[in-house]
Each structure stands twice: as C-alpha cells, then as structure tokens.
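Coordinate analysis (summary)
Read off the chains here:
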Amino acid sequence: MKSHVQVAVIGGGVVGASVLYHLTKLGWKDVVLIERSELTAGSTWHAAGGMHTINSDPNVAKLQHYTINIYKEIEAISGHSCGVHLTGGLMLADDEDRMDYLKVTAARGRYLGMDTEFITPSEAAERLPILDPSKYVGAMYDPNEGHVDPSGVTNAYAKAARIGGAEVYRHNRVVELKPVDEGWQVVTEQGTLIAEHVVNAAGLWAREVGQMVGISLPFLPMEHQYLVTEEVPEVAGLVNGFHAVDAGGGIYMRNEMKGVLLGTYETNCKPWSASNTPWDFAQDLLPADIDRIEFNLTRAFERFPPLANAGIKNVINGPFTFTPDGNPLVGPVRGLRNYWSACGVIAGFSQGGGIGLALSNWMVEGDPGMDVWAMDVSRFGDYATRGYAHAKGIETYGTRFMIAFPNEERTAGRPLRRTPVYDRLKEKGAVFGAAYGLEHALWFAPSGTDPVETLTYRRSNAFGPVAEECRAVREAVGIIEISSFAKYEVTGSQAELWLNNVLANHTPKQGRMVLAPMLNPRGRLIGDFTVGKLGPERFMIFGSGIAEQFHLRWFESHLPDGDFSLRSLRKELVGFSIAGPRSRELLSRVCADDVSREAFRFMAIRETEVGMVPCIVGRITFTGDLGYEIWCAPEYQLTLYEALLESGADLGLRHFGARALNSLRLEKSFGSYTREFTSDYSPFEAGLGQFVDMKKNEFIGRDALIEEQQNGSRYARIVLEIDVADVDPHANEPIYHDGKVVGWVTSGGYSHHSKASLANGYVPAELGEQDHFQVEILGSIRDARRLNEPRFDPRGDRMRA
Ligand SMILES: Cc1cc2nc3c(=O)[nH]c(=O)nc-3n(C[C@H](O)[C@H](O)[C@H](O)COP(=O)(O)OP(=O)(O)OC[C@H]3O[C@@H](n4cnc5c(N)ncnc54)[C@H](O)[C@@H]3O)c2cc1C
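Residues numbered from 1 in each chain as written. Predicted model: local features only at pLDDT ≥ 70, side-chain atom pairs only at ≥ 80, totals over all residues. Heavy atoms only, no water.

1. A look at empty space enclosed by the protein
For the record, the criterion: Each cavity reported here is a set of points on a 1 Å grid over the protein atoms alone in which a 1.4 Å probe fits but cannot get out, each pocket an open set with protein on both sides within 12 Å along at least five of seven lines, and each lining residue one with an atom within 4 Å of a point. Grid points are joined across faces, edges and corners, and a volume is the space filled by probe spheres set on the points. Note that Gly is not counted as nonpolar here; it falls among the polar residues with everything else outside the nonpolar set of Ala, Val, Leu, Ile, Met, Phe, Trp, Tyr, Cys and Pro and the charged set of Asp, Glu, Lys and Arg.
Scanning all chains against the criterion turns up five cavities of 30 Å³ or more. Looking at the largest cavity, the residues that line it are Arg-417, Ala-435, Tyr-436, Leu-438, Ser-483, Ser-484, Phe-485, Ala-486, Lys-487, Gly-545, Glu-548 and Arg-570. When its residues are assigned to classes, the lining of the largest cavity shows five nonpolar, three polar and four charged.

Given below as structure tokens:
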C-alpha cells in the first residue's frame, strides 16, 4: 500500500469504482480505492442492474443518459464485459393521472434528446406478451432502457481505472480518518496512508465513514426484494429481452434467462439497520419476506397472468440507501477540507457514471461542470437529523413509484421547523409546504373549506383562493411570512472587500440595498442575493433559504484574512413581507420612523421599531409591488404579527402564500434561484446583466463574463405568455420554434392579476428576440408569445411609488 496519495476513495461499490475511473480519466493517476471486502460487497452485488434515463430532475436525467453510454467506453478500455442488455423499456399507465405523468416525462425527454414513443396497451402487449392490456390505458416506450451485470460494471470501472494508473486495495477497512495539513490521515486495517482528498463512497456504511469526521449523512437503508421465476414460455423466446415498470402496481420486471425478474416497491416497507450498518455484513442477503410484498405480487399476477403460474426460483432481499428526496448526496462537505461525498445512491447503474463524472470534475477542476444542485450534498442542512432522515427514507421508498405531482408537498418528517406564527397561520387556513425543513404557508383555504390541496397536473382547488390573495396584494395590501429566506450578517473591516470579491455587483451605500448575483469562476450563477448596508462595516445578505448550506460552503471557502465575520441568522431572524398599494399606509401606522416616499425610498434598508418590536425593514418585495420586508427576532414575531394585522384590518389586509407570490413574481418577469438562476447560466443569459458591475474591481467570474461579452452568450432567458384554457406550465416543458424543440421551461404558472399563463425558459441566444414559440403541456402543443416586457407594471412605477 502507498503511504501518500492524492485521493483515497473509500468503498468499492459501483459508485466508488466509477469515481476512481473518472479521476484517472481526468489525469489524476495517484489515486487509490480502499475496499473493506471484495469489490461490490455492499448493495452493488445483488442489484437487479436495471437502468434508465428518466428522472424528475433534468440534470440528473442527463447524467443518467451519460451513465448508460459510458458502459461501452469502460468495456473497450478494460476488456471486461458490463453485460449490457439494451432491451428497451415500457412505462405502463394504469390510469389517466399516470398518463399525464408519462406525457410530462416524455415531453421533458424531448429536450434531453430522449426518443420515447407512446403506444397503446395492445401494442405494449405485443412487446411483452404476458401483459393483460385491459388493465392499462397506455404506455410509453423508451428504447434506451435495459439492464447490466452489476459485478461486470464495477469490475470494468476498476480495471479501466487501474489501466489509468489507479490502485485498488481489497480486504482493507478504513477505520479512522484524521485531518492533517496535507489532507487526511487514513487509518486502515493494513496500515496508514496520507491522502490529500478522501471520497466517501461507502454506500451502506457511508454513515459510519461520515461519523469518522463528525458528520451525519441523511439517508436510511431499506430492505428491497425481487424474485426470479422459472421459465415463463410467453417471454422465453423474446430475442431482445424486456424491461417494464408498472408504477401503479408498484412493480418492475425484466427478463432473467428465460424467466422474469420481478421487483416491488411496497408501501409497507422496512428499514434495515436504522442506526448503524454492521461491519460484518458483506455479500450477505436478508431473509425473504414475501408477506410484505403480497399486495404488489397480487397486482402483478392480475396484470401479468402467466406469472401467477410461474415457479419461483429465487428471492433476493437486500438493503440499499434512501435519501430524503431520493437523489444522491454528492460533492464537497461544508467545513471539511477535501472530504467528498458520493453516497445515498438509489440507482447506481443509472447514476453511477454521472456521479463519477460530476464529482471528478469538481475535484480536479473545482467545479462539477454543470448544475448538480439536485444531488448536491449541501441541499440538506443541520435540520436533516437522523430522525428526519429515517421518516423521509421510508417515505422515499414507499413513494418511489408514485406520481410526484407538481403541487405535491410530501408529508413525512413534518412539521419539523416551525416559527412562532405557525399556529396562527394554521388557524387562518394555511396549507403548508416545507422548505429546508421549515413550514411555510403555500396558500390559505377560505373558512369552511378543508385546508388540503388536490394533487394534479392541472389547476387545483387552490386556484380560486390564490386568485383572491393576488387581488388583495395588487389592489390593497397582503402579508406573507418570509422566514424561509436565508439571512446572513457580514461584519468587519474586510466585509466590503469580501463582498466585492464574491458578488458581481458593487456594495450598496449605507442604508441602501442592491441585488447581486454570485458567480463561479466560469461566470455562471451560483447565487442571487439582496445585500443591504446597515453600518460602516455591517451588511445583511438575503438569499434563497434552501441554498443556505450551499452558499455557506462557498462563502466559507472564500474567506478573507483579517477583521471579518460571517454569520447565518437563520435561527435569529424571522420575517414578514407586506406588499400592495396600501402597504405604506399600513407601515406608517406601526413604524416609529417616517416611511413616506421621500424618507424611505425604494431599496432603502434601516433598523427601526415596528409596533414596539426592534426590526430591520427593507423597502423591497418579490411581488414587484410597493412593499416591505420586516425582520425581527423570533421572540417578537407574534407581537409584530398582531401589530400588523390590527393596523391593516381596515386597509383590506389579507394573508397570501408562496403560490400567490409565484403568480405575482411571474408577471413581473422576476426569475428565481434554483429555477431560472442556476450554474447552467450566466447572469447575462439569465437577464441579470443590470446587476453585474463590470467596472468595479476584480470579482469571481469576471474574466469569464468578459469572454462572454466578446464571444456572445449561449442562451437567452425569455418569458412566454401561453395560450391555454385550464392547465399551466410548471417546469421542464419543451419550448418549440419552427417545429423544433429549441429550449425548456424553468418555471411557470398562472398570473391571476394579468389573467395570463406565463412561463420562464431558455432558448438559444440567437432565438431570444423571436416573438412566436410553442410549449408542450400535457401532450398538447400550445402557442406562446414572447413578452418584451413584464406583463405587470413594466416601468416599475409600483415598486418605486
Ligand atoms: C435488491 C436490490 C436491487 C437493486 N436493483 C437496482 C437496479 O435495478 N438498478 C439500480 O440502478 N440500482 C439497483 N439497486 C441499488 C444499487 O444496488 C445501489 O444504487 C448501488 O449498489 C450503490 O452503490 P454504492 O457504490 O454507492 O454502495 P455499495 O454497493 O454499498 O458499496 C459500498 C462499498 O463500500 C465498502 N466500504 C464501506 N465502508 C468501508 C470502509 N470503512 N472501508 C473500506 N470499504 C468500505 C463496502 O464494503 C462496499 O463494497 C438495487 C439494490 C438492491 C438491494
């Protein structure tokens, strides 16, 4: 064993092996993989090996597509077979909701280059003769699906990596990790080595390898079963084999020799080793438990009748890991230098290659090379406790095959974080969602109605109430809790210099705010903030609440020397926004200061008192109307709330929630972080150019922007008004121009005040000035007109009023 290496990858499952290979591919040769047993000795060896491109996040889908294509490459380099069977796959729909889901999936696939096809149940039965077509309403066929040999893939990666210079140490458990100046001291059963970087690819044991450095990774191992039948004559002769998912039945299947491999996702699922994974578990299986999957098997026998008579050759029950949202935990871990996560992977054979690519780019180039937010380990904060991960892991498993509706808020592990006003909002009929573990109101059900939203791809029962909330904001005044925003305080003599380096805009003058994008060195968006200056050396930063850990990781890796302090105020500040033409009148009744137009201008910020409560008040709202954001300590929140409510009663004050806020910001053409603003786009492409100050000093990303100014942008963000009657865009719908798919929607919805269905999206820069596009929503192509200016208040008179 070497004594000093550049990278030690811990874990020789499919994921660790892929990371190792990709590092060598990028030219890092001094890399080793340390495996406590044999390669594949965790979840990998007993996997069913199924692979597909479909994922609810388009960037993860792209990486899945990459994974499927890499098998040819590693086979060629290693000479080792991956056992790839590209059978093509059927996604079966047993009701119209599932058909809607498939239409959405197919449409999304179109701009990812996926070539899917809708077929009738009878046509599906021609491809899979055991299927009873009367049980289905339709199916989607994807030619790019199939299965691989799990052991073949892992060994092909490992061998290709060895050829690239890597070494693999088997039967050698990592028992301890200690930070040292050069990186990490890796203590193993066979001795100690120093690694500049370590990668936690320990799969089922990744929690333990996390605990070695004091972190708790949020996932839960769950038992999962599939059975393999004896020969089934109806499919034994299918030359290309088959792959099918009947999500409504909670089952998937593929050919295995002349029989069928049938797997289930049961709702009465079972965690395995909830708190610790035993070290003596290796290439082991768990006892079969057919009773637990009886419901799914009954469905399978009804829908695929020949299976009812097939003999069962084998039942496999094995554990693998489930994260709170089903996506992996990848990337650098905040606060730990050169400690990388590559775990929590549900679909190693669809995602392993993409994870290896993204992580190795990140380690070698300092950047994953694309937006990988959906699988970034930093999307979870300290709220994602063991108990939360447990509740969510069970939910992720049990809903794996359920339709995730665009307006759905899954319920496990909730409520977790609540602000003091939670119960009051509940009394008002609030329907809550959770962001970063915090409950926040989505909309308010009118009294006498159930505060429950119907799940649908179309307009839900929230449509009417949200319209009323929007009306109140545009015509009178509304109040929304905004505690879910991220808040940071930056102080010290180095604060201004630091802000000028990490943000693309200049800092504001005292008492003022600016909008400021944050860029990576490639000039792509990694943040979108409001910065306010409260004192000579004191700034507030407001940003996306769900990205707090992500942003802290970036901030902290760019800290200046000298007098400087950065603090998250997540637990110290809660807030409300009041917005609408009468919001000034409301504030003037409760605020100690003069808040007249002249005294408290648009984009001003100050510390003051609101109804006895010490507050920070900024004149800005995401509604694009006259309005204010008011922040106070949690202990004052109810007092502030009562004061605002009492003073606004005769002004038509009404609660509004996140759904109305979305509707209001859409008609102002405002983009939103993690939707329009992601690391796939530059600020110029995203329409944020006016908030970039190219004339100020050096800042991260400036050189890339200069290059972009010289060479031109790739994309243009556009806002479309879409011709629809009863359905609105959500995200990821393809945008067409001249009959070709040219772009995609990043977010959308109905703007009640403008009475228009609006979508944000990206198209190639050269099409950014075109007027006419089309958008595919639920299988129908709708005409769409590009807006030259925001649908509401294009000159911004209302905000500045
Ligand atoms: C029954 C079943 C069916 C499945 N079917 C599919 C499917 O059809 N398609 C699909 O894509 N996925 C499937 N999966 C999931 C798939 O198996 C996982 O996504 C994948 O194997 C995860 O790989 P990994 O490398 O992250 O983890 P693991 O395979 O668990 O590998 C981790 C490795 O790390 C090693 N290790 C841990 N701790 C240490 C240490 N301290 N020192 C050294 N080594 C250590 C372990 O020994 C192990 O080899 C299935 C899983 C099961 C259980």
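Back to the write-up after that little detour.
2. Thoughts on the packing of helix H2 (residues 58–78) against helix H9 (residues 348–365)
Heads up, the rule is: Here the axes come from fitting lines to C-alpha atoms, over the contacting stretch only for helices, and the angles between their N-to-C directions go from 0 to 180 degrees. Where helices and strands are cited, they refer to DSSP runs of H or I of at least four residues and of E of at least two residues respectively, numbered from the N terminus. An angle counts as roughly parallel when it lies under 35 degrees, as roughly antiparallel when it exceeds 145, as roughly perpendicular when it falls between 65 and 115, and as oblique in every other case. Contacts are assigned to residue pairs that have any heavy atoms within 4.5 Å of one another.
Axis separation between H2 and H9 bottoms out at 7 Å; the angle between their running directions is 100°. In terms of axis orientation, H2 runs roughly perpendicular to H9. Together, Val-60, Leu-63, Gln-64, Tyr-66, Thr-67 and Tyr-71 of H2 and Phe-349, Ser-350, Gln-351, Gly-352, Gly-353, Gly-354 and Leu-357 of H9 make up the contact between the two elements. A breakdown of the residues in the contact of H2 with H9 according to their chemical character gives six nonpolar, seven polar and no charged.

3. Topic: the site of the ligand
Quick note on the threshold: In this text, near means that some heavy atom of the residue lies within 4 Å of the molecule or strand in question. N or O atoms closer than or at 3.5 Å make up a polar contact, with two conditions inside protein: a donor-capable atom paired with an acceptor-capable one, and, for residues adjacent in sequence, both atoms drawn from side chains. Only the protein chains shown count as cover for residues, and all accessible areas are computed by the Shrake-Rupley method using a 1.4 Å probe.
The local shell around the ligand holds 39 residues, among which Glu-35, Arg-36, Thr-44, Gly-50 and Val-345 are the closest. In this structure, Ser-43 approaches the ligand through a main-chain N or O atom, which is 3.0 Å from an oxygen atom. Note that an oxygen atom of the ligand is positioned 3.3 Å from one of the backbone N or O atoms of Leu-204. When the ligand is considered free in solution it has 1000 Å² of accessible area, and contact with the protein chains removes 97% of it.

4. Points about the sheet that holds strand E34 (residues 740–751)
Convention followed: Being paired, for any two strands, means DSSP has found at least two bridges between them.
In space, the six strands of this closed barrel follow the order E32-E35-E34-E33-E36-E37, with antiparallel pairing throughout. The sheet shows a mean angle of 40° between the axes of neighbouring strands, direction not considered. One ladder, built from eight bridges, connects strand E32 (residues 715–722) with strand E35 (residues 756–764); its direction is antiparallel. Bridge pairing in E35 places Glu-721 opposite Leu-758. Strand contacts of helix H17 (residues 658–666): E34 and E35, with the helix running at about 125° to E34, the strand carrying the most contacts.

5. Things to note about the pairing of strand E33 (residues 734–737)
We count it as follows: For the exposure calls, accessible area comes from a 1.4 Å probe over protein chains only, and a residue counts as buried if that area is under 20% of its type's maximum, exposed if over 50%, partly exposed in between.
Residues Pro-734 and Tyr-736 point to one face of E33 and Ile-735 and His-737 to the other, with burial holding for every one of them. Direction of pairing for E33 relative to E34: antiparallel, over a ladder of four bridges. The partner of Pro-734 across the bridge, within E34, is Trp-744.

6. Brief notes about the sheet that holds strand E24 (residues 525–535)
Spatial ordering of the open sheet is given by E23-E24-E25-E22-E26, a layout of five strands whose pairing is antiparallel. Bordering the open sheet on either side are strand E23 (513–519) and strand E26 (565–568), each of which pairs with just one other strand. The mean inter-strand angle of the sheet, taken between neighbouring strand axes irrespective of direction, is 25°. Where strand E22 (residues 486–491) meets E26, four bridges bridge the pair, whose relative direction is antiparallel. Looking across to E26, one finds that Glu-489 is bridged to Arg-567. Across the sheet, helix H13 (residues 495–502) is in contact with E22, E23, E24, strand E25 (538–543) and E26; its angle to E25 comes to roughly 30°.

7. Focus on the pattern of salt bridges
What counts here: The term salt bridge refers to a side-chain nitrogen of Lys or Arg lying within 4 Å of a carboxyl oxygen of Asp or Glu.
Tallied over the entire structure, the rule returns 49 salt bridges. Of the charged contacts in the structure, one is a salt bridge between Asp-382 and Lys-571, with a shortest N-O distance of 3.6 Å. One end of the pair, Asp-382, is in the loop between H9 and helix H10 (386–398); the other, Lys-571, is in the loop between E26 and strand E27 (574–579), with 189 residues separating them in the sequence. With relative accessibility at 59%, the residue Lys-571 sits in the exposed group. Connected via shared salt-bridge partners are Glu-223, Glu-266, Lys-270, Asp-289 and Arg-292.

8. With respect to the packing of helix H1 (residues 14–25) against helix H5 (residues 150–163)
Inclusion rule: Should the near helix be turned anticlockwise from the far one by less than a right angle, the crossing is left-handed, and should it be turned clockwise, the crossing is right-handed.
Taken N-terminus to C-terminus, the directions of H1 and H5 make an angle of 25°; their axes are 8 Å apart at the nearest point. When the axis of H1 is compared with that of H5, the two are roughly parallel. The handedness of the crossing between H1 and H5 comes out as left-handed. From H1, Val-14, Ala-17, Ser-18, Leu-20, Tyr-21, His-22 and Thr-24 reach across to H5, where they touch Val-153, Thr-154, Tyr-157, Ala-158, Ala-160 and Ala-161. Here the residues of the contact of H1 with H5 sort into nine nonpolar, four polar and no charged.

9. Points about a negative patch on the surface
Where we set the bar: Patches were defined on residues exceeding 30% relative accessible area and lacking a salt bridge, with like-charge contacts within 9 Å and nonpolar side-chain contacts (Val, Leu, Ile, Met, Phe, Trp, Tyr) within 5 Å. Note on charges: Lys and Arg go in the positive column, Asp and Glu in the negative column, and His and the chain ends are not counted at all. The atom standing in for a charge is NZ when the residue is Lys, CZ when it is Arg, CG when it is Asp and CD when it is Glu.
Taken together, the side chains of Asp-115, Glu-117, Glu-123 and Glu-126 present a region of like negative charge at the surface. When you line up the elements, Glu-126 lands in helix H4 (residues 121–127).

10. Quick look at the environment of Lys-159
When you line up the elements, Lys-159 lands in helix H5. The spatial distance from the C-alpha of Lys-159 to the C-alpha of Ser-78 is 5.5 Å, given a sequence separation of 81 residues.

11. Regarding the pairing of strand E6 (residues 138–142)
The side chains of a regular strand alternate, first on one face of the sheet and then on the other. Taken across its five residues, E6 has five buried, putting it largely inside the fold. Burial along E6 is two-sided: Gly-138, Met-140 and Asp-142 and Ala-139 and Tyr-141, pointing in opposite directions, are all buried. In this sheet, E6 lies alongside strand E4 (residues 89–93) in antiparallel orientation, the contact comprising five bridges. Across the sheet, Met-91 pairs through a bridge with Met-140, a residue of E6. Bridge analysis of strand E5 (residues 117–119) against E6 gives three bridges, and the strand direction is antiparallel. In the strand pairing of E6, Phe-118 is matched with Met-140.

12. Concerning the layout of surface pockets
When its volume is computed, the second largest pocket comes out at roughly 730 Å³. Residue lining of the second largest pocket: 33 residues in total, with Pro-332, Trp-362, Arg-553, Trp-554 and Ser-557 positioned closest to the centre. Those elements giving two or more residues to the lining of the second largest pocket turn out to be strand E18 (339–343), E24 and helix H14 (548–556). Top element by residues in the lining of the second largest pocket is H14. It accounts for four residues. For the lining of the second largest pocket, a count of residues per class yields 17 nonpolar, nine polar and seven charged.

13. Points about the side chain of Arg-379
On the secondary structure map, Arg-379 appears in the loop between H9 and H10. Within the structure, Arg-379 has its side chain in polar contact with the backbone oxygen of Pro-328 (distance 2.9 Å). Polar contacts involving the side chain of Arg-379 include one to the main-chain carbonyl oxygen of Asp-376, which spans 2.9 Å. When near neighbours in sequence (up to four residues on either side) are disregarded, Arg-379 contacts Thr-323, Asp-325, Asn-327, Pro-328, Leu-329, Trp-373, Ala-374, Tyr-436 and Ile-546.

14. Quick word on the nonpolar core
Where we set the bar: The term nonpolar core refers to a set of buried residues drawn from Ala, Val, Leu, Ile, Met, Phe, Trp, Tyr and Cys, joined through side-chain atoms within 4.5 Å.
Of all hydrophobic cores here, the largest spans 44 residues; its most connected members are Val-9, Tyr-71, Ile-74, Tyr-157, Val-199 and Leu-359. Within the residue set of this core, elements represented by two or more residues are strand E1 (4–10), H1, strand E2 (31–34), H2, H5, E18 and H9. Per element, the largest residue contribution to this core is seven residues, and it comes from H1. Those residues in contact with Ile-74 that lie beyond four places of it in its chain are Tyr-21, Gly-79, Cys-82, Val-153, Ala-156, Tyr-157 and Ala-160. By size, the runner-up hydrophobic cluster in this structure holds 42 residues, among which are Val-514, Ala-516, Phe-539 and Leu-688.

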